[in-house]
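Each chain is listed here by its residues.
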There are 2 protein chains.
Amino acid sequence: MIVSRDQSCRFQLLPSVPITEMSPRCSTCTMGQLCLPMGMSQQDLARMDTLVQERIRVQKGETLYRMGDPLAAVYAVRFGTLKTHVTTEDGRSQITGFYLPGEIVGLDGLGEMQHASDAAALEDTEVCVVRLNDLQSLSADLPSLQHQFLRLMGKEITRDQLMLVMLGAMRAEERLAAFLINLSERLSARGYSASEFVMRMSREEIGSYLGLKLETVSRLFSRFAEAGLIQIRQRHVKLVDIAGIKELYSRSC
Amino acid sequence: MIVSRDQSCRFQLLPSVPITEMSPRCSTCTMGQLCLPMGMSQQDLARMDTLVQERIRVQKGETLYRMGDPLAAVYAVRFGTLKTHVTTEDGRSQITGFYLPGEIVGLDGLGEMQHASDAAALEDTEVCVVRLNDLQSLSADLPSLQHQFLRLMGKEITRDQLMLVMLGAMRAEERLAAFLINLSERLSARGYSASEFVMRMSREEIGSYLGLKLETVSRLFSRFAEAGLIQIRQRHVKLVDIAGIKELYSRSC
DNA sequence: CGACCTGTTGACACCTTTCAACTCTTGTGG
DNA sequence: CCACAAGAGTTGAAAGGTGTCAACAGGTCG
């Protein structure tokens, strides 16, 4: 099946990857510590394995779901990176999040039972499909799952609120510094280097996320590099002085 | 029981208002259309009445809960207005929401099972205490409640994301216009006038919410008034040209 | 009635955007 | 394999929007 890259892709068209005996289940997935199964008992974990019956590959640039699509499932990133962006009626658009492996996308749709954002892949990505029907019936007799799901939703709210503070109370330099540290810590939690990594998003996407223009982002990266805080070449960045970067936003007043 | 006004108030110190035969239950509450019971059947509604065993009065300026408090309950505003504000480690603070009757506060704490913001009353306020234990056990055999609760959490996320777009992509004038319209619509849904109302929050609080300084808010109100869009005297505002106000932010480009 | 808090208004500084030119990288087709 | 085009990123100069600082007016509450 061939799907053209620049074309919007409906759910049904995206290649579904069947779950085989060989492919990892929740109980053996390396993302278990970070994902839905976090903190579950061995016993509960076994039951989780029935939850994900399907995975979806999303190629770089393709769309997993679109704003307004009916909400049938939420998705756990298995590998790759996604971005979500919302567009208001008046055409204003903004990236609301970047999602790394182990993180759940689609929770914002639960309010109206339809997706509240577009989700697109920044690189070739695979997600586990968590159907809401299955989730609801399973969590009925798996309290730890219900609890965990609420936790994740709560975390999403907390995350958004932190972003609100960043956008409302921080200057450009502070926002970008906080962004770098946040990305670094999340990558580090996934076993990648905390000090050297590839940003999968463009300057424009970073800007959209942080409420800045791409030129501002570019200038700030240059300034950070000049100050010896980072080394940067295109999207490859090395955090040379993490403490120094943190100081950029931690000491306010 | 006397609680000094400028003092932080622990949960236990706030006056609890016992539920009597006389006082309204969920099944008869006028906020039912907007609150947790929204859309429930008569039958389910009857069972909701057992959920709220307690109400709390919060006087103007007092605090309902603080960041870091363990999360034992969420709260439905019965009358009055609350604000929530978060403070980051580095001392940055921002108002993350204003809550009107029928709206639920405390959902942001579900991530870590402790409150992620402070909640304080902008005027004398009463809230219904929804204990999480009771909520979980009741929603186990009341699917409509579980569903409704997820819906409300989803709405909280959607709301935060709209704020992200406002803070990230709108200019001061547009943000304030959107704020006025949003407040107007929410008040209108509660039976108040959509065009004339009292804002319970100060210029500084509006500014904090919108990521602006109080002087900017004040100037903009003056400009809106000059342009004939509103009439304003202190916190009493009259929206003269609602369509005109909407144009301030709806036609971008 | 006076103190204090809230809100208004002005002048100026500064941060970020805007517009523009240019470079570098990447991908495509001859 | 190179040439070329298109996209992504960098950098400069100037404009504009908010913030800052300050003085003052108005409202509220003891």
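Residues numbered from 1 in each chain as written. Chains lettered and ligands numbered in written order. Predicted model: local features only at pLDDT ≥ 70, side-chain atom pairs only at ≥ 80, totals over all residues. Heavy atoms only, no water.

The next point concerns the sheet that holds strand β12 (residues 236–239) of chain B. Residue and element names in this part refer to chain B. Reading across the sheet, the three strands line up as β10-β12-β11 and stay open at both edges, with antiparallel pairing between neighbours. The sheet terminates laterally at β10 (196–198) and β11 (230–233), the two strands that pair on one side only. On average, adjacent strands in this sheet sit at an angle of 15° to one another, irrespective of strand direction. Pairing between β10 and β12: three bridges, direction antiparallel. Bridge assignment links F197 to a residue of β12, and that residue is V237. Relative to the sheet, helix α4 (residues 172–189) contacts β10, β11 and β12, its axis offset from that of β10 by approximately 95°. (Pairing = 2+ DSSP bridges. Helix = DSSP H or I, 4+ residues; strand = E, 2+ residues; numbered from the N terminus. Axes fitted to C-alpha atoms, helices over the stretch in contact; angles between N-to-C directions. Contact = heavy atoms within 4.5 Å.)

Looking now at the side chain of R92 of chain A. Looking at the element boundaries, R92 of chain A is found in the loop between β5 (82–87) and β6 (93–99). At 3.4 Å, the side chain of R92 of chain A and the backbone oxygen of A169 of chain B are in polar contact. (Polar contact = N/O pair within 3.5 Å; in protein donor to acceptor, adjacent residues only side chain to side chain.)

Residues in close proximity to DNA strand C total 17 residues, the closest being A172 and T216 of chain A together with S218, R219 and S222 of chain B. Those atoms of DNA strand C that come within 4 Å of the protein belong to sugar or phosphate at a rate of 63%. K213 of chain A has a polar backbone atom sitting 3.4 Å from a phosphate oxygen of DNA strand C. S218 of chain B places a side-chain nitrogen or oxygen 2.7 Å from a phosphate oxygen of DNA strand C. Contributions of two or more residues to the surface near DNA strand C are made by α6 (214–226) of chain A together with α6 (214–226) of chain B. Counting residues per element, the surface near DNA strand C draws most heavily on α6 of chain B, which supplies five residues. (Near = heavy atom within 4 Å.)

Close contacts around DNA strand D come from 18 residues, with S218 and S222 of chain A together with A172, T216 and R219 of chain B the closest. If you look at DNA strand D and keep only atoms within 4 Å of the protein, 69% of those are sugar or phosphate atoms. With respect to DNA strand D, the side chain of R203 of chain A contributes an N or O atom lying 2.9 Å from a phosphate oxygen. At 3.0 Å from a phosphate oxygen of DNA strand D is found a side-chain nitrogen or oxygen belonging to R235 of chain A. Elements represented by at least two residues in the surface near DNA strand D include exactly α6 of chain A together with α6 of chain B. Top contributing element to the surface near DNA strand D by residue count: α6 of chain A, with five residues. Class assignment of the residues belonging to the surface near DNA strand D gives a composition of three nonpolar, seven polar and eight charged. (Nonpolar A, V, L, I, M, F, W, Y, C, P; charged D, E, K, R; others polar.)

The next subject is the relation of the copies chain B and chain A. With an RMSD of 0.0 Å, the fit of chain B onto chain A corresponds to turning through 180° and sliding 0.1 Å along the axis. The relationship between the two copies is best expressed as a two-fold rotation axis. Residue by residue, 100% of the interface of chain B is reproduced at the interface of chain A, so both copies engage with the same surface. (Least-squares fit on C-alpha atoms with pLDDT ≥ 70 in both.)

The next thing to look at is the pairing of strand β4 (residues 73–79) of chain B. Residues and elements named next belong to chain B. Counted residue by residue, β4 has five buried out of seven residues, so it is predominantly covered. Note that β4 and strand β9 (residues 125–131) share six bridges and pair antiparallel. Its bridge partner lying in β9, A76 is registered against C128. Both β4 and strand β7 (residues 104–105) contribute to a ladder of two bridges, which runs antiparallel. Within β7, the position partnered with Y75 by the bridge is V105. (Buried < 20%, exposed > 50% of the residue type's maximum accessible area, 1.4 Å probe, protein only.)

The analysis is restricted to geometry; functional conclusions fall outside its scope.
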